[in-house]
Amino acid sequence: MTQRRKVVDVVAAVIVQPDGRFLLARRPDGKPYAGYWEFPGGKVEAGESLLHALARELHEELGIEVKHAYPWLVRHFDYEHASVKLHFFRVVAWTGEPHGKEGQLLAWQTPGSVDVIPLLPANGPILNALELPAILAISNIAEMGEEPFMASFASALEKGLRLIQLREKSLSPLELERVAQRFVALARPYGAKVLINADVRLAEATGADGVHLPSSALMSLEARPQIGLVGASCHSSDELARAVELGLDYVLLGTVLPTRSHPGGPALGWDAFAALIGDYPLPVYALGGMSPTHLETAWSAGAHGIAMLRGAWSGRSGLNPTKATG
Ligand SMILES: Nc1nc2c([nH]c(=O)n2[C@@H]2O[C@H](COP(=O)(O)OP(=O)(O)OP(=O)(O)O)[C@@H](O)[C@H]2O)c(=O)[nH]1
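Residues numbered from 1 in each chain as written. Predicted model: local features only at pLDDT ≥ 70, side-chain atom pairs only at ≥ 80, totals over all residues.

Within an unreviewed UniProt entry, the label attached to the chain reads 8-oxo-dGTP diphosphatase, and the organism entered is Sulfurimicrobium lacus. In UniProt, the chain has this text filed under Sequence similarities (unreviewed entry): "Belongs to the Nudix hydrolase family." Taken from UniProt, the Cofactor (unreviewed entry) comment for the chain reads in full: "Mg(2+)". (UniProt positions renumbered as here; feature names shortened; annotations may be inferred.)

Peer 1: How should the overall build of the chain be read in this particular structure?
Peer 2: When helices and strands are tallied, the chain shows twelve helices and 15 strands. Taking 2.2 N^0.38 as the reference for a compact globule, 326 residues should give roughly 20 Å; the C-alpha atoms of the chain span a radius of gyration of 20 Å, in line with that estimate. For the chain, the residues scored as buried account for 40% of the 326 residues in total. Restricting the contact set of the chain to residue pairs at least 6 apart, pairs at least 24 apart contribute 60%. (Helix = DSSP H or I, 4+ residues; strand = E, 2+ residues; numbered from the N terminus. Rg over C-alpha atoms; globule rule 2.2 N^0.38 Å. Buried ≥ 20, exposed ≤ 12 C-beta atoms within 10 Å, placed from the backbone. Contact = placed C-beta atoms within 7 Å.)

Peer 1: I would appreciate a short explanation of the site of the ligand in the present structure.
Peer 2: Taken together, the neighbourhood of the ligand is formed by 18 residues, with Phe39, Gly41, Gly42, Lys43 and Ala122 sitting nearest. Of all the elements in the fold, those that place two or more residues in the shell around the ligand are strand E1 (7-15), strand E4 (41-43) and strand E6 (83-95). (Near = placed C-beta within 6 Å.)

Peer 1: Can you help me understand the pairing of strand E8 (residues 135-138) in this one?
Peer 2: Consecutive side chains along a regular strand alternate between the two faces of the sheet. Residues of E8 alternate between two faces, with Ile135 and Ala137 on one and Leu136 and Ile138 on the opposite face, all of them buried. In terms of strand pairing, E8 meets strand E15 (residues 305-308) through three bridges, oriented parallel. Residue pairing across strands places Leu136 opposite Ala307, the latter belonging to E15. The pairing of E8 with strand E9 (residues 163-166) spans two bridges and is classified as parallel. Within E9, the position partnered with Ala137 by the bridge is Ile164. (Pairing = 2+ DSSP bridges.)

Peer 1: I would appreciate a short explanation of the confidence of the model for the chain in the present structure.
Peer 2: Detailed reading of predicted coordinates is not advised where the pLDDT is low. Here the chain shows a mean pLDDT of 94. Residues at 70 or above account for 95%. Note on residues 320-326: pLDDT is under 50 here. Beyond four places in sequence and across chains, it has 22 contacts. Listed scores for the predicted complex are pTM 0.94 and ipTM 0.93. (pLDDT = per-residue confidence, 0-100.)

Peer 1: Explanation requested: the nonpolar core in the structure shown.
Peer 2: Nonpolar side chains in soluble globular proteins tend to be buried together. The biggest cluster of nonpolar side chains holds 92 residues, and the ones touching the most others in it are Val251, Leu253 and Ala286. For this core, the element with the most residues is E1, which contributes six residues. Here this core spans two domains, since at least three of its residues come from each of domain 1 (7-126) and domain 2 (135-324). Those residues in contact with Leu253 that sit more than four places away from it in its chain are Cys234, Leu240, Phe273, Leu276, Ile277, Val284, Ala286 and Leu287. (Core = buried A, V, L, I, M, F, W, Y, C linked by C-beta atoms within 7 Å. Domains from an automatic or database assignment.)

Peer 1: Would you mind showing me how to read the domain arrangement of the chain here?
Peer 2: Accessible area lost during the coming together of the parts is what is often quoted as the interface size. If you check the domain split of the chain, you get domain 1 (7-126) and domain 2 (135-324). Opposite the seven residues of domain 1 that make contact, domain 2 presents eight residues. Counted by class, the side of domain 1 that touches domain 2 contains six nonpolar, no polar and one charged residues. (Nonpolar A, V, L, I, M, F, W, Y, C, P; charged D, E, K, R; others polar.)

Peer 1: I would appreciate a short explanation of the sheet that holds E6 in the present structure.
Peer 2: Whenever strands of a sheet pair, they do so through backbone hydrogen bonds, lying parallel or antiparallel. Pairing in this open sheet of four strands is mixed, and the strands run E4-E1-E6-E5 from one edge to the other. Single-partner strands in this sheet number two, and they are E4 and strand E5 (65-78). Here the average twist between neighbouring strands, direction ignored, is 20°. For E1 and E4, the ladder comprises three bridges, and the chain directions are antiparallel. Bridge assignment links Val11 to a residue of E4, and that residue is Gly42. (Axes fitted to C-alpha atoms, helices over the stretch in contact; angles between N-to-C directions.)

Encoded structure:
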């Protein structure tokens with residue numbers, strides 16, 4: 001009989017600058033995986049809260065005081081020396097200038113172009129998640145009409161939008177292909193990513209960056225589609241678990257708030273949303289009734305960001321450039 005190993009709780013800090021750069025530290029000599037780069041942090045002590053452990057570790061290791069941190073991803077990993085449960089936080093405000101108080105080297109890194117090696121094995125998916133923007137917009141040609149929509153899309157790209165899902169259920173396959181090509185051509189110069197709803201073949205044919213799976217496809221697929229980015233819509237813990245099994249890159253979870261299309265429909269609310277993703281390893285976008293003003297609340301509930309349909313295109317709210325890419 002195999003014995004279950006004790007799981008060690010660890011807090012890890014993704015200390016992020018407003019421009020998206022984040023801090024990595026090199027593990028000092030004498031520790032397992034010495035010389036590997038990691039997010040600053042360490043083991044939670046007995047009886048200590050996660051936030052307290054985070055503040056203590058960053059004070060001890062870097063000489064900074066945490067002012068504002070959001071809970072983010074939670075990931076289990078089995079090392080030969082320990083089985084760890086890593087609680088990642090995004091630290092967005094602190095006082096003091098981080099410096100290696102234990103002699104460890106530090107390096108500010110840019111999402112998508114990390115230039116230090118080797119990295120702790122558990123952290124690969126975390127670095128991928130950091131490349132995802134905080135805002136995912138969903139197309140709305142159905143209500144706006146193609147040209148007004150494309151004008152809004154162009155303006156949102158100017159303001160910082162970097163991730164969009166093409167989801168137009170009423171277009172014919174031919175129209176959809178033409179529109180998908182327009183999306184990719186418009187997004188490319190900004191380095192923005194285009195996801196195609198459900199249709200892997202269409203995503204490949206148009207050079208889009210990935211697919212977004214409806215929950216029905218999520219539950220019936222045997223394996224992750226072989227294409228860049230893959231995410232899925234989830235409404236329950238079973239669906240969230242399936243997205244992890246398939247090794248997806250992100251999920252949308254909703255409906256969080258009542259929406260215009262389902263005003264009296266069932267909505268999770270923020271507490272149930274936070275409870276569902278409390279121990280979740282993938283980046284989660286809150287969906288349903290979202291506008292940019294909800295970003296802060298979503299982050300506090302453990303989300304990576306928000307996904308918006310109408311909210312992304314209403315001229316008045318607009319997309320905040322600093323937050324859209326953050
Ligand atoms: N700090 C940190 N630990 C990580 C990360 N990723 C990851 O797998 N870990 C693992 O989590 C555990 C953290 O332990 P640690 O040795 O840093 O803890 P600590 O600072 O309390 O040190 P100690 O051993 O002196 O008590 C290690 O097994 C480490 O490999 C990460 O990004 N940051």
